[in-house]
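Residues per chain are reported as follows:
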Amino acid sequence: MDNGKLNVPDCPIIPFIEGDGIGPDVWSASKMVIDAAVEKVYNGTRKIEWKEMLAGEKAFNATGEWLPADTLKTASEYLVSIKGPLTTPVGGGIRSLNVAMRQELDLYVCLRPVKWYKGVPSPVVKPENVNFVIFRENTEDIYAGIEFEAGSDKAKKMYEFIANEMGQGKKVRFPETSAFGIKPVSKEGSERLVRSAIEYALEHKLPTVSIVHKGNIMKFTEGGFKIWGYEMAEREFGDKIFTWGQWEAAKKASGEEHANTLLKNAQAAGKLIINDVIADNFLQQILLAPQDYSVIATLNLNGDYISDAAAAAVGGIGISPGANINYKTGHAVFEATHGTAPRFANTDTMNPSSLLLSGVMMLEYMGWTEAARAIEKAMAEAIMRKRVTVDFYNLMHDATLLKTSEFALEIIKNL
Ligand code: NAD
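Position labels on residues start from 1 in each chain and follow its written sequence. Reporting of local features is limited, given that this is a predicted model, to residues whose pLDDT is at least 70; pairs of side-chain atoms are given and counted only at 80 or more, and all residues count toward the totals for whole chains, interfaces and linings. Note that the side-chain values use all heavy atoms of the structure and ignore hydrogens as well as water.

J.: Can you break down the overall build of the protein chain residue by residue, with the values?
T.: A count of helices and strands for the protein chain gives 15 helices and 15 strands. A globule of 415 residues ought to have a C-alpha radius of gyration of about 22 Å, and the protein chain, at 23 Å, matches this closely. Structurally, the protein chain occupies a C-alpha span of about 60 × 60 × 50 Å along its principal axes. Scored against the burial criterion, the 415 residues of the protein chain give a buried share of 49%. When contacts within the protein chain are restricted to residue pairs at least 6 apart in sequence, those whose partners lie at least 24 apart make up 74%. On the protein chain, roughly 20300 Å² of surface is accessible, and the fraction owed to carbon and sulfur atoms is 53%. The positive count covers Lys and Arg only, the negative count covers Asp and Glu only, and His and the chain ends enter neither. Throughout, a charge is located at the NZ atom of Lys, the CZ atom of Arg, the CG atom of Asp or the CD atom of Glu. A distance of 3 Å separates the average location of the 45 positive side-chain charges in the protein chain from that of its 52 negative side-chain charges. A run of DSSP states H or I qualifies as a helix once it reaches four residues; a run of E qualifies as a strand once it reaches two. Both are numbered from the N-terminal end. The globule rule used for comparison is 2.2 Å times the number of residues to the exponent 0.38, while the radius of gyration itself is calculated over C-alpha atoms. When accessible area is computed with a 1.4 Å probe and restricted to protein chains, residues below 20% of their type maximum are described as buried, those above 50% as exposed, and intermediate ones as partly exposed. Contacts are assigned to residue pairs that have any heavy atoms within 4.5 Å of one another. Using a 1.4 Å probe, the Shrake-Rupley method yields the accessible areas, and only the shown protein chains count as cover for residues.

Okay, here's the thing in structure tokens:
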């Protein structure tokens, strides 16, 4: 990182985790396409040197550890890495390898673009209207993992504290059998997430950032996220943006007509509009009016639900990419959003698009946008020609069924 900008050499070393289950199949297909696109687009002047990192079952079998310290050290040292899906170890030790990596590298943004490619089978009538980018907060919220099991000493202590110290005992309906979870949401955590979403929207010249929250019920945590987001936006981005908070203030001071005029002027001047939506309403909006949204900034748990609901509208998890990013340090781990689908391990049948498109996001992040666009176009062409893997094949008429590796070769042919 040079002054907050990633400085990428022509032959960068990029660590990868192959992943468990279907990981090796989808990784080898993705790597093949990425290498071919980089070679083709840059005529051999650029090349990625891949470096394997161990994690998951493969690491456990080789070292006795699910997430060796070496892997975290490598991911930290090389800044940018990519990974396939990992088995979540059952019982004891690490709760989730993905969560451990996110926390260790403080990857505070989970970035999930949601976009439809022509021909992908979708359950909605106009999937082409779905085209937005989700910024999900990745380090806080009820997801931080502060939980106490029902019946445990800690849960009992927690209840006693709530009842005796905080005077809130009546709010716990069944104290004897209640489990408890804590939801930390901070000003810094909220601000850095919303800031990243705004910077992304400005850089990509997108019209809106929508803060999605449940602040009507959880006033201090989710409500705080919204308020801190608006305040930071107005303080740091000044006249590049116009917020609903400013609209409301104008309405209060001089009426709705005046507020609407200010909003129209801001839109005409190309300012970024920052609004907010209640999370349950937003889940409807994904189906009813997705065209009204371009960048979403939301908390951890909302973001988890929203990402999968939105992914379903454009063809499901087999094709949705993702990344975990710390824009300050530059650390980024690009990853498939689906799991290891162990039943299909080593069958060479599953769709590699989720990991491949995560690779496309990685190339964009590195500034290698020409290669990214080439892959995206070549993949879209394969889908349009209905030359696809089994998940899409089952939902299309007159399609040609390809194996994972054949789908990769088809994309390379289209480059
Ligand atoms: P899963 O995503 O592995 O599989 C669910 C179903 O989705 C599969 O049976 C398959 O029908 C379909 N599917 C998944 N990937 C596909 C692809 N690339 N192409 C076509 N279809 C695909 O979810 P699961 O069964 O709940 O989890 C299995 C394991 O994966 C668990 O150990 C879980 O903890 C882990 N997991 C890991 C990650 C990750 O590493 N990011 C994410 C989710 C689950």
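Don't stop here, the text continues.
J.: Account for the site of the ligand, naming residues and giving values.
T.: The immediate surroundings of the ligand are formed by 19 residues, with Leu 86, Thr 88, Gly 339, Ala 341 and Asn 351 found nearest. Here a polar contact means two N or O atoms within 3.5 Å. Within protein one must be a hydrogen donor candidate and the other an acceptor candidate, and residues neighboring in sequence count only if both atoms are side-chain atoms. Between the ligand and Asn 98, the relevant distance is 3.0 Å, taken from an oxygen atom to a side-chain nitrogen or oxygen of the residue. Measuring from an oxygen atom of the ligand, one finds a backbone N or O atom of Ala 341 at 2.7 Å. For the ligand, the accessible surface in isolation is 810 Å², of which the surrounding protein chains cover 64%. For the shell around the ligand, the residue count by class is nine nonpolar, seven polar and three charged. For this purpose, a residue is taken to be near a molecule or strand whenever a single non-hydrogen atom of the residue falls within 4 Å of it. Each residue is assigned to one of three groups, with Ala, Val, Leu, Ile, Met, Phe, Trp, Tyr, Cys and Pro labelled nonpolar, Asp, Glu, Lys and Arg labelled charged, and all others, Gly among them, labelled polar.

J.: Can you tell me about the environment of Met 32, naming the residues and giving the values?
T.: Residue placement: Met 32 occurs in helix α1 (residues 23-42). Spatially, the C-alpha atom of Met 32 lies 25 Å from that of Leu 72, the residues being 40 residues apart in sequence. Sequence-distant contacts of Met 32, defined by excluding residues within four places in its chain, comprise Ser 405, Ala 408, Leu 409 and Ile 412.

J.: Describe the pattern of salt bridges, naming the residues involved and giving the relevant values.
T.: In what follows, salt bridge is the name for a side-chain nitrogen of Lys or Arg lying within 4 Å of a carboxyl oxygen of Asp or Glu. Scanning all chains against the criterion turns up 23 salt bridges. As a salt-bridge pair, Asp 10 and Arg 46 come within 3.2 Å of each other at their nearest N and O atoms. Residue Asp 10 is located in the segment before β1 (13-17), and its partner Arg 46 is located in the loop between α1 and β2 (49-52); the two are separated by 36 residues in the primary sequence. Across the pair Arg 136 and Asp 304 runs a salt bridge, and its minimum N-O distance is 3.6 Å. Taken together, the residues Arg 136 in strand β5 (residues 131-137) and Asp 304 in helix α11 (residues 300-313) connect sequence positions 168 residues apart.

J.: Run through the pairing of strand β3 (residues 80-83), naming residues and quoting values.
T.: Sheet faces and side chains relate simply in a regular strand, where the side chains alternate between the two faces. Residues Val 80 and Ile 82 line one face of β3 and the alternating positions Ser 81 and Lys 83 line the opposite face, and both faces are buried. Pairing of β1 with β3 involves two bridges; the strand directions are parallel. Residue pairing across strands places Phe 16 opposite Ile 82, the latter belonging to β3. At least two bridges found by DSSP between two strands are what make those strands a pair. The pairing of β3 with strand β13 (residues 332-336) spans four bridges and is classified as parallel. Following the sheet pairing, Ile 82 is matched in β13 by Phe 334.

J.: I'd like to hear about helix α13 (residues 369-384), residue by residue, with values.
T.: Expected span, for any helix, means 1.5 Å times one less than how many residues it has. For α13, spanning 16 residues, the distance from its first C-alpha to its last is 22 Å, which sits close to the expected 22 Å at 1.5 Å a residue. What α13 keeps buried is the set Ala 371, Ala 372, Ile 375, Glu 376, Ala 378, Met 379, Ala 380, Ala 382 and Ile 383. Next to the buried residues of α13 lie α1, β4 (109-115), α12 (353-366), β14 (387-388), α14 (390-393) and α15 (404-414). One or two steps after α13, the chain reaches Lys 386, where phi turns positive at roughly 60 degrees.

J.: Would you mind going over the pairing of β2 in detail, with residue names and values included?
T.: Strand direction decides the pairing type here: β1 and β2, joined by four bridges, are parallel. Opposite Pro 15, over in β2, you have Lys 51 as the bridge partner. With strands facing away from the observer, any crossover in which the path from the first strand over the helix to the second runs clockwise is taken as right-handed. Regarding topology, α1 serves as the crossover connection from β1 to the parallel β2, and that connection is right-handed.

J.: How would you explain unusual backbone geometry if you had to name every residue and give the values?
T.: Residues other than glycine seldom take positive phi values, yet Leu 79 does so here, at roughly 65 degrees. Mapped onto the elements of the fold, Leu 79 is located in the loop between α3 (69-78) and β3. For Asn 346, which is not glycine, the phi torsion reads 60 degrees and is therefore positive. Checked against the element boundaries, Asn 346 lands in the loop between β13 and α12.

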